[in-house]
Amino acid sequence: MFPAPIHTKGAWTVMSYRVAVIIALGLWLIPLMAIALTSVRSLEDINKGNLWGWPSKFLLIENYSAVFTTTPMATFLLNSILITVPTVIGSIALAAMAGFALAKYKFRGNVLLFAMFIAGNFIPFQILMIPVRDLTISLGMYDTIWGLIAFHVAFQSGFCTLFMRNFIKALPDALIEAARMEGVSEINIFFRIILPLVRPALAALSVLIFTFVWNDYFWALVLAQTDAARPVTAGLQSLKGMWVSSWQLISAGSIVAALLPVSIFFLMQRHFIAGLTLGATKE
Amino acid sequence: MSSSLSLPRAPQRRSLWRRHEKTLAPLLFLTPALLAFCLFVVWPILSSVWISFHEWDGLSPKVFIGLDNYRELFSDDKFYVALSNNIKWLVLYLLAPVGGLMLALFLNQQLRGMRLVKALFFFPFVISQVVVGVIFSWFYDPNFGLLNVVLNAVGLPGIAPLGDEHMVTYAIIVAGLWPQIAYCMILYLTGLNNVNPELVEAARMDGCKGFPLFWNIILPQLRPATFIAVVVTVIGALRSFDLVAIMTNGGPYDSSTVLGYFMYEQAIFAYRMGYGAAIATVLFLIMDVYIAFFLVSMLRKEAE
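Conventions adopted
- Residues numbered from 1 in each chain as written.
- Chains lettered and ligands numbered in written order.
- Predicted model: local features only at pLDDT ≥ 70, side-chain atom pairs only at ≥ 80, totals over all residues.
- Heavy atoms only, no water.
- Helix = DSSP H or I, 4+ residues; strand = E, 2+ residues; numbered from the N terminus.
- Rg over C-alpha atoms; globule rule 2.2 N^0.38 Å.
- Buried < 20%, exposed > 50% of the residue type's maximum accessible area, 1.4 Å probe, protein only.
- Contact = heavy atoms within 4.5 Å.
- Areas by Shrake-Rupley, 256 points an atom, 1.4 Å probe, with all protein chains shown as cover.
- Lys, Arg positive; Asp, Glu negative; His and termini not counted.
- Charge placed at Lys NZ, Arg CZ, Asp CG, Glu CD.
- 1 Å grid on protein atoms, 1.4 Å probe; cavity = no way out; pocket = protein on both sides within 12 Å on 5 of 7 lines; lining within 4 Å.
- Points joined across faces, edges and corners; volume = space filled by probe spheres on them.
- Nonpolar A, V, L, I, M, F, W, Y, C, P; charged D, E, K, R; others polar.
- Salt bridge = Lys/Arg side-chain N within 4 Å of Asp/Glu carboxyl O.
- Expected span 1.5 Å × (residues − 1).
- Arc of directions from axis to C-beta.
- Polar contact = N/O pair within 3.5 Å; in protein donor to acceptor, adjacent residues only side chain to side chain.

J.: How do you make sense of the overall build of chain A when you look at a structure like this?
T.: Assigned secondary structure in chain A consists of 15 helices and zero strands. In terms of overall dimensions, chain A is more spread out than a globule: its C-alpha atoms have a radius of gyration of 24 Å, far above the 19 Å expected for 283 residues. Expressed along its principal axes, the backbone C-alpha trace of chain A runs to roughly 75 × 65 × 30 Å. Within the span of chain A, comprising 283 residues, buried residues form 57% of the whole. Once local pairs closer than 6 in sequence are excluded, the contacts in chain A between residues at least 24 apart make up 74%. Element-wise, carbon and sulfur atoms account for 70% of the exposed surface of chain A, whose accessible area totals about 11,800 Å². Seen as two clouds, the 18 positive and the 12 negative side-chain charges of chain A have centres 8 Å apart.

J.: When you look at the layout of surface pockets in this model, what are you seeing that I'm missing?
T.: To find the voids left in a structure, one rolls a probe of water-molecule size over its atoms. Counted as a void, the second largest pocket has a volume near 630 Å³. Lining the second largest pocket are 25 residues, and of these I273(A), K118(B), L189(B), T190(B) and N193(B) lie nearest its centre. Counting residues per element, the ones that place at least two in the lining of the second largest pocket are helix 15 (269-276) of chain A together with helix 7 (114-126), helix 10 (168-193) and helix 11 (197-205) of chain B. For the lining of the second largest pocket, the leading source of residues is helix 10 of chain B, giving five residues. Each residue belonging to the lining of the second largest pocket can be placed in one class, and the counts come to 14 nonpolar, eight polar and three charged.

J.: So what exactly am I meant to see when it comes to the pattern of salt bridges here?
T.: A side chain of one charge can pair with a side chain of the opposite charge when the charged atoms of the two come close. Enumeration according to the criterion identifies nine salt bridges over all chains in this entry. For the salt bridge of R180(A) with E186(A), the shortest nitrogen-to-oxygen distance reads 2.8 Å. When its relative accessible area of 3% is taken as the criterion, E186(A) is described as buried. Between R204(B) and E201(B) there is a salt bridge, with its nearest N and O atoms 3.3 Å apart. Linking R204(B) with E201(B), this pair stays in helix 11, spanning three residues, or about one helical turn. A relative accessible area of 25% places R204(B) in the partly exposed class. Judged by its relative accessible area of 39%, E201(B) is partly exposed.

J.: Just checking my understanding: could you explain helix 5 (residues 77-93) of chain B for this structure?
T.: Helical geometry note: an α-helix holds 3.6 residues per turn, so side chains three or four residues apart project in the same direction. All names here are of chain B. Taking 1.5 Å per residue, 17 residues should reach 24 Å; helix 5 reaches 24 Å between its end C-alpha atoms and fits that length. Among the residues of helix 5, K78, F79, A82, N85, N86, W89, L90 and Y93 are the ones counted as buried. Here the buried residues of helix 5 occupy an arc of 145 degrees about the axis, which is enough to place them on one side. Away from its buried face, by an angle of more than 90 degrees, helix 5 presents the exposed residues D77 and V91. Of the residues that open helix 5, the one with a side-chain oxygen 2.9 Å from the backbone nitrogen of K78 is D76.

J.: Please explain empty space enclosed by the protein as it appears in this structure.
T.: All names here are of chain A. The tally for this structure, following the rule as stated, stands at one cavity of 30 Å³ or more. Its volume calculated, the largest cavity comes out at about 40 Å³. Around the largest cavity sit S80, I83, T84, L148, H152, V213, W214, D216 and P231, which together line it. Mapped onto the lining of the largest cavity, the elements with two or more residues apiece are helix 5 (73-104), helix 8 (145-169) and helix 11 (199-214). Per element, the largest residue contribution to the lining of the largest cavity is three residues, and it comes from helix 5. Looking at the lining of the largest cavity, its residues break down into five nonpolar, three polar and one charged.

J.: Even after reading the chapter, I still don't get the side chain of S256(B), so can you show me in this structure?
T.: All names here are of chain B. Considering the arrangement of structural elements, one finds S256 in the loop between helix 14 (242-247) and helix 15 (259-269). The buried category is assigned to S256, whose relative accessible area is 1%. With sequence-adjacent residues up to four places away left out, S256 is seen in contact with N85, V168, T169, I172, V244, T248, G250 and G251.

Next comes the structure, spelled out in C-alpha cells:
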C-alpha cells in the first residue's frame with residue numbers, strides 16, 4: 001500500500017494525521033458550510049454584513065418555506081425529477097441493448113459504431129445546439145420537458161453504450177454459447193442471461209446519469225424558456241436574477257437544488273464511484 | 001415442447017427469423033440507440049457545419065455566404081479573447097490531475113472514518129456547476145465575500161476578482177478546479193487501491209522509499225488513472241460554459257468569454273445562427289484533436 005499505512009507509526013503520528021485531515025477537510029468545505037449557514041440567516045444579518053459570523057437568529061424554516069412559497073421552486077424540482085427519471089431509464093435501456101450487440105456479435109462496422117458512441121461523448125454541446133433546438137421546435141417539444149428528455153436520452157445513450165459494452169464484453173462468451181446450444185433465442189439470451197448479470201452496471205449508470213442530467217445547465221437554458229419546463233438548475237439561475245442580494249434565499253435555493261443528487265450519492269456511493277472510475281484501473 | 005408442435009403458427013416467418021437470428025438480433029438491439037444518437041448527435045453536427053456557411057437569423061431563409069463567417073471570425077478580436085481564455089482554462093485546469101493526485105496520496109489511509117472523509121472531499125463534484133458558480137460568485141463578492149474578509153484581516157486591500165478584466169478568468173477557473181480536483185482525486189484513489197502491493201513491498205525491501213518509490217514504482221502503475229484524469233480535464237476545460245454563464249456572462253467587457261459562451265451569445269442573443277455555428281465548428285475541430293487521440297489510445301488498448 002502506498003503511502004505507508006499511518007497506523008503502523010504510533011499513536012502520536014496517527015493523531016496528528018487525523019488533525020491534519022480535519023483541517024484540510026474544513027478548508028475544502030468552507031464554501032459549502034458558508035452557504036449552509038447563510039441559508040438560515042436573516043436579511044438583517046446580511047445587510048449588516050454579518051455573513052461569515054454566527055447568525056443572530058436561525059431562520060431555517062422561514063427561509064426554506066420562503067423559497068417554496070414565493071418562487072416556483074417546487075415546479076422546478078418536479079420538472080427536474082420528471083426529466084431526470086425517464087432519461088435514466090430510457091438511456092440505460094437503449095444502451096444495454098446496444099452495448100450487448102456491440103460486445104457479443106461480430107459484424108462489419110462494429111468497431112466504427114463503438115468509436116462513434118465514444119466520440120459523441122466528448123463533443124462540445126455548442127456544435128449540437130442550433131440543430132437540436134430547431135429539431136425540438138419542429139417536433140413540438142421545444143420548451144417542454146419532453147424536448148429535454150428526448151435529447152438527454154439520445155445523448156446519454158452514447159456514454160451508457162460505451163459503459164455497457166465494456167461491461168458485457170468482460171462476461172464469458174461460453175455462457176452465451178451454452179445458452180445457444182440449449183436453443184435459447186438471441187432475444188432471450190439478452191433478457192434472461194445478460195440482463196441479470198449486468199445489474200451492478202445498471203446501478204452504477206443510473207446514479208451517474210441521474211447526477212449528470214440533474215446538474216445539466218446548458219440544455220436547460222437552450223431547450224426550456226418558461227418556468228413550466230425549467231429544471232432546477234436553470235430555475236435557480238433565473239431566481240438569482242430576481243432575488244439580487246437576498247443571499248439567504250439564493251443559498252437556501254442552492255441547497256434545495258443540490259439535495260437530491262447529494263443524498264443519492266451518499267446512499268449509492270459505491271456504485272457511483274465504480275461507474276466514474278471505470279477504466280481508471282485497467283490498462 | 002409439445003406446444004410448439006400443436007401450435008403451427010406462421011412457420012415460414014418464424015424460420016426466416018430463426019435462420020437469420022444471429023444477424024438480425026444485433027441489428028434489432030442496436031437500432032433504437034443508433035436512431036436516437038444519429039437524430040440528436042450525428043445529424044446535428046453535420047447540420048451545424050452546413051449552417052456555418054450561411055447568414056441566418058433563425059427565422060428568415062438562410063443565405064449561402066461560403067466562408068464569410070470564418071473570415072469574419074478570424075478577424076474578430078472577441079474570438080481571440082475567447083480562444084486565449086480557453087487556452088488559460090486548458091493549461092490551468094491541468095492542475096486538477098496534480099492536485100487530485102496529491103489529495104489522493106494524502107487521504108489514502110485505512111483509518112476509521114476515512115471513507116466518509118473521502119466522500120466529503122468528493123462532494124463538490126456531485127453538486128451542480130450552477131451551485132458551484134453561485135457559491136464562488138458570493139465568495140468573490142466585494143461587499144459580502146469571504147475573500148475580502150480574509151484579505152482585510154491580513155491587512156491587504158479588498159479586490160473584486162469578477163469585476164476585473166485581468167483577474168476574472170483566473171477567478172472562474174479556480175471555481176472550476178474545485179470540483180475537477182475532487183473528480184481526479186477519486187480516479188487516483190481507485191488507482192492507488194489497485195497498485196500491486198508485492199511490487200511496492202519488494203521495492204521497500206530494496207531500500208526504496210519516499211519520492212523515488214513514488215516516482216519509479218507508484219506513478220507508472222497509476223498511468224490508466226492519469227490518462228483518464230487528463231482526458232476528462234482537457235475536455236472539461238474546452239467545454240467550459242456553465243461557470244462563465246453563471247458567474248459573469250462573459251463580462252466584464254467580454255473579457256471572461258470562452259468559445260462555448262461566445263457561440264451561445266452570438267446565436268441566442270444576437271440571432272446570428274450562421275456565425276454561431278462557425279464558432280461551434282471551430283471549437284469542434286479543436287476538440288477533435290483530443291477526441292481522436294483518446295479514441296486511438298482506447299481502441300489500441302482494445303486490440304491488445
